[in-house]
Amino acid sequence: MVLRFAANRLIGMIVTLFAVSIMVFIIMEIPPGDYAERYAFRKFSGTGVSVTESDIDSLRQEFGLDRPAWERYFTWIGGIVTEFDFGEAFAYETSVNNVIGDRLWLTLAILYATLILTYLLAIPIAIYAAVKRHSLPDYGLTIFSYLGLAVPNFMLALILLYISVTTFGAGVGGLFSPEYEDAPWSVAKALDLFKHLIVPGLVLAWSATALQLQTVRATMLDELNKLSVTAARARGLPEWRLLLKYPARLAVNPVVSTIGFDVNRIFSELPIVALVLSLPELGQLLIASYIDLDMYVAGAILLMLTFFIVLMNFVSDVALALLDPRIKLAGG
Amino acid sequence: MVTIDKAPEPAAPAADQKNLKYYTASQWDLVWWRFRRHRAAMAGFIVLALMVFVSTFAEFFAPYGPTERNSDYLLGAPQIPKVWDANGVSLQPFIHGLSTERDPVTLRQITVVDPEVREYVSFFVRGQSYRLLGLIETDIRLFGVRGGHVHLFGTDELGRDVYSRVLHATRTSLSIGSLGVVLSFVLALIIGGIAGYAGGWVDYAIQRLTEVIRVIPVIPLYMGLAAAFPREWSNTQVYFAMSMIFGIVGWPTLARRIRSHLLAQRGEDYVIAARVAGAKPSRIIARHLLPSFTSYIIVDLVISFPYMILSETALSFIGLGLRAPSVSWGVMLQDAQNIRTIEQAPWLFIPAGFVILAVLAFTLLGDGLRDAADPYQVKS
């Protein structure tokens, strides 16, 4: 049953990804001028060589830009699906795969560090606040939730940067200490990365935590009034065990069902936070490639980020189906 | 406790009058009464009303124009008007004058505050001339220093007055958000209306489309569309193009809400009655269905405002949105991107305070409106 549900969702996921790829391709095509013009401009500007219209035309032929858009789309997506080849990054004069390199894994490291921090913070604190309703921590949580939305993550990053520069005289940016920057992967390097993940993770977890705190607290409040809780209490179950057994178990469900949203939110905020904290990951590269109009790199990144959002949506659907027996598995 | 007041037994004529007023009140009166009791929401409303008012007349409230430079006071600290100093008390607020000296170590020219010189701040001072609301030509500004300068929030690297710029930026940022919200609202109404009313494969196709737009991370999507703006576009063109993309990307959430509401109401008796009576679909939607959830739409609109404002700030901050000489919160915060600058001039962070204040005010207002608009609301 769960398998059939998962298979259904998997097909839906592929359809969505296909539609997303068309959308991304459209975004890649919108900027005025094409690849050949920008290539010629970049290559010959300042060299004194005068570029004629026919030179650009031959460049166009070389890159296959004279073919219709749908044909180029299929070449592009075909390369990605069959060979995992994302095309050429013209600003760097190499392939997109080369430009992206390690950044994909670092982005995922940041994503998972953020998700783990969000849930480790939000779930226990919200449960505590719901149990101690109308207490000081509960009000503190409400205020924090409002601030979490109002203070954008990149501003929080700037503030942290300001504090660290003025009080410690050092920045908090980067993902590696200088000595590990170009070193091959080792246990020491991984540990170093781990230490550097905490600050960006906290900055990115800021708003996601604020929202999840609210959700978990609201669900907990609903569940605490249920008769099952009263009955368990009447049976003499210790308070903390009945909390874990009934309301807390259910309060986790809305969190699981919104993992996809959290990933979306984190990826949405990532580029600017990465810019401020100078993190070597995809979001920062995305901004740079948008500014250079290096659309193959931008398209590849947009596609990758969306792929992980869709994937996490799928994971969250399946996990919820496993966790919550009340979910009807019929239909997709 | 249920917010709907229970009618007490008629005891006194005065109470009777009050009850009569309550039972005959229109829906909007009820919403307003409930809203007024919500203190945080009222505070949010007042803050926003003030922001809108002051920024609409920014030229009057700001002592200087947004690009006017004071080259004697670059990256200058905020000057707070005082009414007393070591030399005694003054009824008219004043600031201390400035003089230029050479730094004994670096020999660079630096500006120092001269506590012996007083420059008085007066009201209704003549400054650079401007057109109020684009109509009335005048040069009267709310306050200023005759023959000198006053910078409440300090100055930036080019010597432009941060306070004046913030007021102008508030206008840009709020209005660009409003345009985006209005546009996304119109799109959501049309698309969600069609999906919810038509149902079937039309609904299916629209649902898939909204899903695709919602799954792509929103700020990277905005950035992609903003990157396509030609470099030679004027600031006005960029301004309208930005609110366009906010509208184009922002409609799915509201469209979904409208659709599900329409789907739920479609089979209700009053809709069927209207259809039997021969009303056209457009009339049924506009006349019968929409009024049933106007209040929810308003709440959703208010709640979507902060996202627009934050998106504008984020886009302009990284240089893909509005560009100088346009002035918005995001454009101003670009100056605070450089760590050396914020170390030297933390007052360049002041626009961030305005962003936070506006978003907070919108959120509180939205929450209050949501509670007030819900007739079945159970207050906890």
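Residues numbered from 1 in each chain as written. Chains lettered and ligands numbered in written order. Predicted model: local features only at pLDDT ≥ 70, side-chain atom pairs only at ≥ 80, totals over all residues. Heavy atoms only, no water.

J.: Hey, could you run me through the domain arrangement of chain B in this one?
T.: One frequently used descriptor of interface size is the decrease in accessible area upon assembly of the parts. Residue and element names in this part refer to chain B. According to the domain assignment, chain B contains domain 1 (69-159) and domain 2 (166-372). Between the C-alpha centres of domain 1 and domain 2 there is a distance of 39 Å. Facing the 9 residues of domain 1 at the interface are 9 residues of domain 2. The contact between domain 1 and domain 2 buries some 640 Å² in all, and 73% of this surface belongs to carbon and sulfur atoms. On the domain 1 side of the contact with domain 2, Leu75, Phe153 and Asp156 bury the most area, a combined 66% of that side's loss. Linking domain 1 with domain 2 are 1 residue pair in polar contact (both at pLDDT 80 or more), by the criterion used here. For the side of domain 1 that touches domain 2, a count of residues per class yields 4 nonpolar, 3 polar and 2 charged. (Domains from an automatic or database assignment. Contact = heavy atoms within 4.5 Å. Buried area = accessible area lost by both parts, 1.4 Å probe. Polar contact = N/O pair within 3.5 Å; in protein donor to acceptor, adjacent residues only side chain to side chain. Nonpolar A, V, L, I, M, F, W, Y, C, P; charged D, E, K, R; others polar.)

J.: Mind showing me how you'd approach the packing of helix H5 (residues 162-198) of chain B against helix H6 (residues 200-215) of chain B here?
T.: Packed helix pairs are characterised by how far apart their axes lie and by the angle those axes make with each other. All names here are of chain B. The contact between H5 and H6 brings their axes to 7 Å, and the two run at 140°. Classified by the angle their axes make, H5 and H6 are oblique. Taken as a pair, H5 and H6 cross one another with a handedness that is left-handed. Contacts between H5 and H6 involve Ile191, Ile194, Ala195 and Ala198 on the former and, on the latter, Gly200, Val202, Asp203 and Ile206. Taken together, the residues of the contact of H5 with H6 break down into 6 nonpolar, 1 polar and 1 charged. (Axes fitted to C-alpha atoms, helices over the stretch in contact; angles between N-to-C directions. Helix = DSSP H or I, 4+ residues; strand = E, 2+ residues; numbered from the N terminus. Parallel < 35°, antiparallel > 145°, perpendicular 65-115°, else oblique. Left-handed = near helix turned anticlockwise from the far one by under 90°.)

J.: Looking at this structure, I do not really get the packing of helix H6 (residues 103-131) of chain A against helix H9 (residues 187-224) of chain A. What am I missing?
T.: All names here are of chain A. Contact geometry for H6 and H9: axes closest at 5 Å, N-to-C directions at 35°. Judged by the twist between their axes, the crossing of H6 over H9 is right-handed. Partitioning the contact of H6 with H9 into residue classes produces 26 nonpolar, 5 polar and 1 charged.

J.: Looking at this structure, how should I read the pattern of salt bridges?
T.: Residue and element names in this part refer to chain B. Evaluated as defined, the whole model comprises 13 salt bridges over all chains. In this structure, the salt-bridge partner of Asp156 is Arg160, at a minimum N-O distance of 3.0 Å. The partner of Asp156 in a salt bridge is Arg165, with the nearest N and O atoms 3.7 Å apart. Since its relative accessible area comes to 2%, Asp156 is described here as buried. Of the residues examined, Arg165 reaches a relative accessible area of 4% and is grouped as buried. (Salt bridge = Lys/Arg side-chain N within 4 Å of Asp/Glu carboxyl O. Buried < 20%, exposed > 50% of the residue type's maximum accessible area, 1.4 Å probe, protein only.)

J.: For this particular structure, what's the right way to read helix H7 (residues 218-227) of chain B?
T.: Given 3.6 residues per turn, any residue in an α-helix points the same way as the ones three and four places further on. For H7 of chain B, the buried fraction is high: 9 of the 10 residues fall into the buried class. Buried within H7 of chain B are the following residues: Ile219, Pro220, Leu221, Tyr222, Met223, Gly224, Leu225, Ala226 and Ala227 of chain B.

J.: I tried to follow the interface of chain A and chain B on my own but got confused; where do I start?
T.: Between chain A and chain B, the contact holds 42 residues from the first and 43 residues from the second. Regarding the contact of chain A and chain B, the summed buried area is about 3700 Å², with carbon and sulfur atoms giving 81% of it. On the chain A side of the interface with chain B, the three residues burying the most area are Tyr146, Leu149 and Tyr162 of chain A, jointly 16% of the side's total. Taken together, chain A and chain B are joined by 0 salt bridges. Remark: the boundary between chain A and chain B carries 5 residue pairs in polar contact (both at pLDDT 80 or more). Those elements that place two or more of their residues in the side of chain A that touches chain B are helix H1 (2-29), helix H7 (136-150), helix H8 (153-168), helix H13 (259-277), helix H14 (282-291) and helix H15 (295-323) of chain A.

J.: I tried to follow a positive patch on the surface on my own but got confused; where do I start?
T.: Residues and elements named next belong to chain A. Among the surface-exposed residues, Arg235, Arg241, Lys245 and Arg249 lie close enough to one another that they form a single positively charged patch. Positionally, Lys245 belongs in helix H11 (residues 239-245). Judged by its relative accessible area of 45%, Lys245 is partly exposed. (Patch = residues over 30% accessible without salt bridge, like charges linked within 9 Å, V, L, I, M, F, W, Y side chains within 5 Å. Areas by Shrake-Rupley, 256 points an atom, 1.4 Å probe, with all protein chains shown as cover. Lys, Arg positive; Asp, Glu negative; His and termini not counted. Charge placed at Lys NZ, Arg CZ, Asp CG, Glu CD.)

J.: Mind showing me how you'd approach a nonpolar patch on the surface here?
T.: Residues and elements named next belong to chain A. Together, Phe18, Ile22, Ile26, Ile30, Trp70 and Phe74 make up an exposed nonpolar region whose accessible area comes to about 610 Å². Elements that contribute at least two residues to the nonpolar patch include exactly H1 and helix H4 (69-83). Here the element with the most residues in the nonpolar patch is H1; it accounts for 3 residues. As for its placement among the helices and strands, Ile30 is situated in the loop between H1 and helix H2 (35-44).

J.: Sorry if this is basic, but what is going on with H5 of chain B here?
T.: Taking 1.5 Å per residue as the helical rise, H5 of chain B with its 37 residues ought to reach 54 Å, and the 52 Å between its terminal C-alpha atoms agrees with that figure. Gly199 of chain B sits one or two positions beyond H5 of chain B and adopts a positive phi of about 65°. (Expected span 1.5 Å × (residues − 1).)

J.: Looking at this structure, how should I read the nonpolar core?
T.: The tendency in soluble globular proteins is for nonpolar side chains to be buried side by side. In terms of nonpolar packing, the biggest core is built from 176 residues, with Trp76, Ile100 and Tyr290 of chain A together with Met223 of chain B touching the most fellow members. Among the elements that make up this core, the one with the highest residue count is H15 of chain A (16 residues). If sequence neighbours within four positions are ignored, Tyr290 of chain A has contacts with Met295, Ala298 and Leu302 of chain A together with Pro220, Met223, Gly224, Ala227 and Leu320 of chain B. Formed by 16 residues, the second largest nonpolar core is a distinct cluster that contains Ala58, Phe60, Phe143 and Tyr163 of chain B. (Core = buried A, V, L, I, M, F, W, Y, C linked by side-chain atoms within 4.5 Å.)

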